[in-house]
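Breakdown of the fold
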Amino acid sequence: MTTVDHDSLASAPSATAPTAAPSRLVTGLVFAVVSATTFGLSGSLARGLLDTGWSAGAVVLVRVGIAALVVLPFGLYALHGRWNVLWHNAGLVLVYGALAVAGAQFCYFSAVARMDVGPALLIEYTAPAAVVVWLWLRHGQRPGPVTLVGAGLAALGLVLVLDLLSGADLNVAGVLWALAAMVGAAAYFVISADEANGLPPLALAAGGLVVGALFLGVLGVVGLLPMDTSTSSTTYAGHTVAWWVPLLVLGVVTAAVSYTTGIAAGRRLGSRLASFVALLEVVAGVVFAWLLLDQLPRPVQLVGGLLILAGVVAVKLGESRVRS
């Protein structure tokens, strides 16, 4: 079996080509926005379940498990019987499932257990910068000044969206867990954008979700991931719903749809641009928290969202200046 063919990323058209076909770029951006938006919904839905007695581990396991059941048939169909492709990429699927799916979520929730959600999310979403640095050091894809400006704008936008200017207490253990989540997120962007392995996007998503669910289940069995559940109803925007409704939406919409569209976006946009567009997840998270949990964003957060959008545009403009 093989692992990620990192050298092939340097030659992947979606990652390094100066320009992309208009239709490919447009569909890639649409997939990326859908992925970021649906990922952003997960926090608000999970918060309702956590308030009724669910543990973070149980929510994540059910979410990934449902997504695996939904995507698996499509992933198998996408292979068209080419089991050798899956076998040759078994290492890649294992890394993707353990690191990019299960690892990123487990580490993020471990960070949130020790520090505020805002700082933890900000640290995790340094992943786009980590992707730029990785492509620079590993493949010689040196970022141009426009890309660096875009990264700076996006970083400043995240600080404003997460409202960190008032100051926040950072727990050392929490920071380390959040940094580990950042590694998982960066791996998600890099692996998702690799077209050279021949593995269909749906097959990669299905395999990663299955591996992720199994990995989380093992963590639960050995006691590293608490598995508390509840059948109490949850409330969103003043409306009470049965406990299984947010779980179903978490699994189908915020995991199955999010991961499949995220991989499709990565294949079309490349890991660098896809990772920066994914910063819109933070904006989406703020909007959904406002709509579902009545947590109204402040004007400074809206300004931060505009800066993130400006950063994404700058990164795209800088793509044509990337030099290998």
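Scope of this entry: the structure provided in the associated data block.

Conventions we followed
Residues numbered from 1 in each chain as written. Predicted model: local features only at pLDDT ≥ 70, side-chain atom pairs only at ≥ 80, totals over all residues. Heavy atoms only, no water. Helix = DSSP H or I, 4+ residues; strand = E, 2+ residues; numbered from the N terminus. Buried < 20%, exposed > 50% of the residue type's maximum accessible area, 1.4 Å probe, protein only. Contact = heavy atoms within 4.5 Å. Axes fitted to C-alpha atoms, helices over the stretch in contact; angles between N-to-C directions. Left-handed = near helix turned anticlockwise from the far one by under 90°. Nonpolar A, V, L, I, M, F, W, Y, C, P; charged D, E, K, R; others polar. Salt bridge = Lys/Arg side-chain N within 4 Å of Asp/Glu carboxyl O. Core = buried A, V, L, I, M, F, W, Y, C linked by side-chain atoms within 4.5 Å. Expected span 1.5 Å × (residues − 1). Bend = angle between axes of the 7 residues up to and from the residue.

The secondary structure content of the chain amounts to 15 helices and two strands. Taken over 324 residues, the chain has a buried fraction of 50%. Restricting to contacts in the chain with at least 6 residues of sequence separation, those with at least 24 account for 89%.

What follows covers the packing of helix 4 (residues 56-79) against helix 11 (residues 201-221). Contact geometry for helix 4 and helix 11: axes closest at 7 Å, N-to-C directions at 145°. Two packed elements cross with a definite hand, and for helix 4 against helix 11 that hand is left-handed. Contact residues: helix 4 offers Val60, Leu61, Val64, Gly65, Ala67, Ala68, Val71, Leu72, Phe74, Gly75, Ala78 and Leu79, while helix 11 offers Leu202, Ala203, Ala205, Ala206, Leu209, Val210, Gly212, Ala213, Leu216 and Gly217. A per-class count over the contact of helix 4 with helix 11 returns 18 nonpolar, four polar and no charged.

Right, let's talk about unusual backbone geometry for a bit. Backbone geometry follows two general trends: most residues other than glycine have a negative phi, and most peptide bonds adopt the trans configuration. Of note in this structure, histidine 80 is not a glycine but carries a positive phi near 55°. Judged by relative accessible area, histidine 80 falls into the exposed class, the value being 56%.

Applying the stated criterion to the full structure yields one salt bridge. For the salt bridge of aspartate 51 with arginine 47, the shortest nitrogen-to-oxygen distance reads 3.1 Å. Of this pair, aspartate 51 and arginine 47 both sit in helix 3 (residues 22-51), four residues apart, roughly one helical turn. Classification of aspartate 51 as exposed rests on a relative accessible area of 55%. Look at arginine 47 and you get partly exposed, because its relative accessible area is 41%.

Okay, the nonpolar core next. Residues Val64, Tyr96, Tyr188, Leu199, Leu209, Leu216 and Tyr259 are the most contacted members of the largest nonpolar core, which totals 42 residues. Counting only elements with at least two residues in this core, the list comes to helix 4, helix 6 (90-112), helix 8 (127-139), helix 10 (172-192), helix 11 and helix 12 (244-269). Broken down by element, the residue count for this core peaks at nine residues, all from helix 11. Residues Ala36, Ala178, Ala265 and Leu269 belong to the second largest nonpolar core, which totals 30 residues.

Taking 1.5 Å per residue, 26 residues should reach 38 Å; helix 12 reaches 35 Å between its end C-alpha atoms and fits that length. In helix 12, a bend of some 30° at serine 258 exceeds every other bend along the element. Positive phi shows up at glycine 270, right after helix 12, with a value of about 90°.

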